[in-house]
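Descriptive structure summary
Each chain is listed here by its residues.
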Amino acid sequence: MTDRLDSLTSWNADWKGLRVAVLGLASTGFSVADTLTELGADVLVVTETAAEEYSRLVPVIGARLWEGSLAEVPAALVDFAPEVVVASPGFPPSHPVVAWARETGVALWGDIELAWRVRDKVTRADGTPAEWVFITGTNGKTTTTRLTATMLVEGGLRAAPCGNIGVPILDAVRDPAGFDVLVVELSSHQLWYLGLVDGPGSPSPHAAVCLNLADDHLLWHGSFDAYRDAKAVVYRHTKVAAVYNKADDATMRMVEDADVVEGARAIGFDLGVPGPSDLGVIDGILVDRAFLEERRTSALELTTVAALHQRGLAAPHIVANALAAAALARSLGVEPGAIRSALDGFRLDPHRIEVVGRADGITWVDDSKATNPHAAASSLAAYPGAVWIVGGQLKGVDIGTLVAQRGPASRAAVVIGVERAEVVAAFERHAPGVPVFEVDHTETESVMTRAVELAAGIAREGDVVLLAPAAASFDQFTGYDDRGSRFAAAVRARIEGGADREHDDDADPEGARDS
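Below or above, wherever it landed, is the structure these notes cover. (Residues numbered from 1 in each chain as written. Predicted model: local features only at pLDDT ≥ 70, side-chain atom pairs only at ≥ 80, totals over all residues. Heavy atoms only, no water.)

**Some remarks on the overall build of the chain**
Looking only at helices and strands, the chain features 20 helices and 20 strands. In terms of overall dimensions, the chain is globule-like: its C-alpha atoms have a radius of gyration of 24 Å, near the 24 Å expected for 515 residues. Each principal axis of the C-alpha distribution contributes one length, and for the chain these read about 75 × 65 × 40 Å. Taken across its 515 residues, the chain has 57% of its residues classed as buried. Split by element, the accessible area of the chain, about 20400 Å² in all, is 48% carbon and sulfur. In the chain, 44 side chains carry a positive charge and 72 a negative one; their mean positions are 4 Å apart. (Helix = DSSP H or I, 4+ residues; strand = E, 2+ residues; numbered from the N terminus. Rg over C-alpha atoms; globule rule 2.2 N^0.38 Å. Buried < 20%, exposed > 50% of the residue type's maximum accessible area, 1.4 Å probe, protein only. Areas by Shrake-Rupley, 256 points an atom, 1.4 Å probe, with all protein chains shown as cover. Lys, Arg positive; Asp, Glu negative; His and termini not counted. Charge placed at Lys NZ, Arg CZ, Asp CG, Glu CD.)

Structure representation (structure tokens):
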């Protein structure tokens, strides 16, 4: 069986009759099932639940669907005797079906490995498939992926962001228009699956980056070490540029330990003065000292911090993302002028340090995408002294370190979420001088209204009110975007109301529980 799987490294290989179980049926799972049935494989989709649009289409594409509890391995899956299980990235190593596949020796793939194996479905004019660029990190992945793709397109290449960013990579691989470069955002979940096999199906990206590393997804991986090891897989078999964050020692060690292709270069980036193989900042100018012949004595200007400021891109962590993206784009030959033009027209996605209102000298900022302490720390560094709206689903991460580092500088904290007690306790322990107010409303519709009321009663002219939860949103919202949208709506409602509510009983923070 191993010999057959090792031979399946092309769209044109013999996939017919291969028994594949697809675990999960959301956008990724459906793209896997659709691809495999097109290849002629025998496909059984196994899922606990599925949207009607997907479950209805499974028999149409020629696959079978089993839907029910996965607390135990279903008999239908055992009887099917799959030769391969392709799991959607949401299924952790501890899941019964994943554990069963590993224990019984069934090959276990993710969608990224499958996509690499069939990447020659559509080729470039010279007959070769698109190059791949890998991007991961605890924070900044999506922004850097979008930046990189934008720079590549501005440089004249056909490029598409895909993977964890929202477009399944198998859909991009099968796009009949074809691409020169696929810019692949990778979650630690996808990288864990990718790390299970290091053989013929193992990707070899043109360039790769891990932007940063901090505690996150510890419940999924089981430990920080396992999370770190998954992230490190991003550099495996990199061909040209292994890009790392000079300000984050963990990413540098990943590159030092990586099994890269002979000749691949380590390229550093940070906000300091760059060395001869780095990108960095000199006197407010973003420069490249890595991708030019005279890099020991010269530097190429990419843009300026002032120019980025005009476009809302000057927060330190966004500047770092821009440098990482520029390194990836430069590794593919994109000229500095194209990088400058791409940055000139770039806009951040909603809910990423987005100013959603200004009134009475107070600026309201939505960074709902700050779903872990590392991301929130970057936001708080950009807006020191803010009224900080914080809390949510902590995902097993200790928030104490963040509160100790950034909490004392906050004007006040407004704590939301079902795990408020841990956040409040962290402030009592590490920042006892900071006023803390809890939003004890449990209904989704009222959480942000109350949080904004409290923050408005605290903030004064010149202040920033910053939503940087440092936590996931699923305890009270459908996602970080829902949380951010409700915050923005509450801010707009308050501003448009126009009334001075400073002394309203319902808005006065003195009426809240000061913890």
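**Thoughts on empty space enclosed by the protein**
For the coordinates displayed, the defined rule picks out four cavities of 30 Å³ or more. In this structure, the largest cavity spans a volume of roughly 70 Å³. Of the residues contributing to the lining of the largest cavity, the split by class is seven nonpolar, one polar and one charged. (1 Å grid on protein atoms, 1.4 Å probe; cavity = no way out; pocket = protein on both sides within 12 Å on 5 of 7 lines; lining within 4 Å. Points joined across faces, edges and corners; volume = space filled by probe spheres on them. Nonpolar A, V, L, I, M, F, W, Y, C, P; charged D, E, K, R; others polar.)

**Here we look at the sheet that holds strand S20 (residues 464-467)**
Ordered by their spatial adjacency, six strands build an open sheet running S15-S16-S20-S17-S18-S19, and the pairing between neighbours is mixed. Taken across any chain shown, the strands that pair with only one partner, and hence form the sheet edges, are strand S15 (354-359) and strand S19 (436-438). Neighbour-to-neighbour, the strand axes of the sheet open up by a mean angle of 15°, direction not taken into account. Of the pairings in the sheet, the one linking strand S16 (residues 362-366) to S20 comprises four bridges and is parallel in character. Bridge pairing links Val365 to Leu466 in S20. (Pairing = 2+ DSSP bridges. Axes fitted to C-alpha atoms, helices over the stretch in contact; angles between N-to-C directions.)

**A look at the packing of aromatic side chains**
Here the structure, examined in full by the defined rule, presents 10 aromatic pairs. On the numbers, 6.5 Å between centres and 70° between planes, the contact of Tyr193 with Trp220 is edge-to-face. Residue Tyr193 is found in helix H9 (residues 188-194), and its partner Trp220 is found in helix H10 (residues 218-221); the two are separated by 27 residues along the sequence. Each ring, one from Trp364 and one from Phe487, has its centre 6.3 Å from the other, and the planes form 50°; the classification is tilted. One end of the pair, Trp364, is in strand S16; the other, Phe487, is in helix H20 (residues 480-497), with 123 residues separating them in the sequence. In this structure, Trp364 and Phe487 share a single accessibility class: buried. An aromatic cluster of three or more residues is present, and its members are Trp116, Trp132 and Phe134. (Phe/Tyr/Trp six-rings, centres within 6.5 Å; stacked < 30°, edge-to-face > 60°.)

**Description of the nonpolar core**
Generally speaking, soluble globular proteins have nonpolar side chains that are buried together. Formed by 71 residues in total, the largest nonpolar core has its most connected members in Phe269, Leu279, Val390, Ile399 and Phe427. Here this core gets 11 residues from one element, more than from any other, and that element is helix H14 (residues 316-331). Those residues in contact with Phe427 that sit more than four places away from it in its chain are Trp388, Val390, Val403, Gly407, Ala413, Pro432, Val434 and Val436. Counting residues in hydrophobic clusters, the runner-up holds 57 residues, among them Val20, Tyr54, Ile169 and Val397. (Core = buried A, V, L, I, M, F, W, Y, C linked by side-chain atoms within 4.5 Å. Contact = heavy atoms within 4.5 Å.)

**Topic: the packing of helix H7 (residues 141-154) against helix H15 (residues 336-344)**
Orientation of H7 relative to H15, taken along the N-to-C sense of each, is 125°, at an axis distance of 8 Å. Between H7 and H15, the angle is such that the two are oblique. By crossing handedness, the relation of H7 to H15 is classed as right-handed. Side by side, H7 and H15 meet where Leu147, Thr150, Met151 and Glu154 of the first sit next to Ala338, Ile339, Ser341, Ala342 and Leu343 of the second. Taken together, the residues that form the contact of H7 with H15 break down as six nonpolar, two polar and one charged. (Parallel < 35°, antiparallel > 145°, perpendicular 65-115°, else oblique. Left-handed = near helix turned anticlockwise from the far one by under 90°.)

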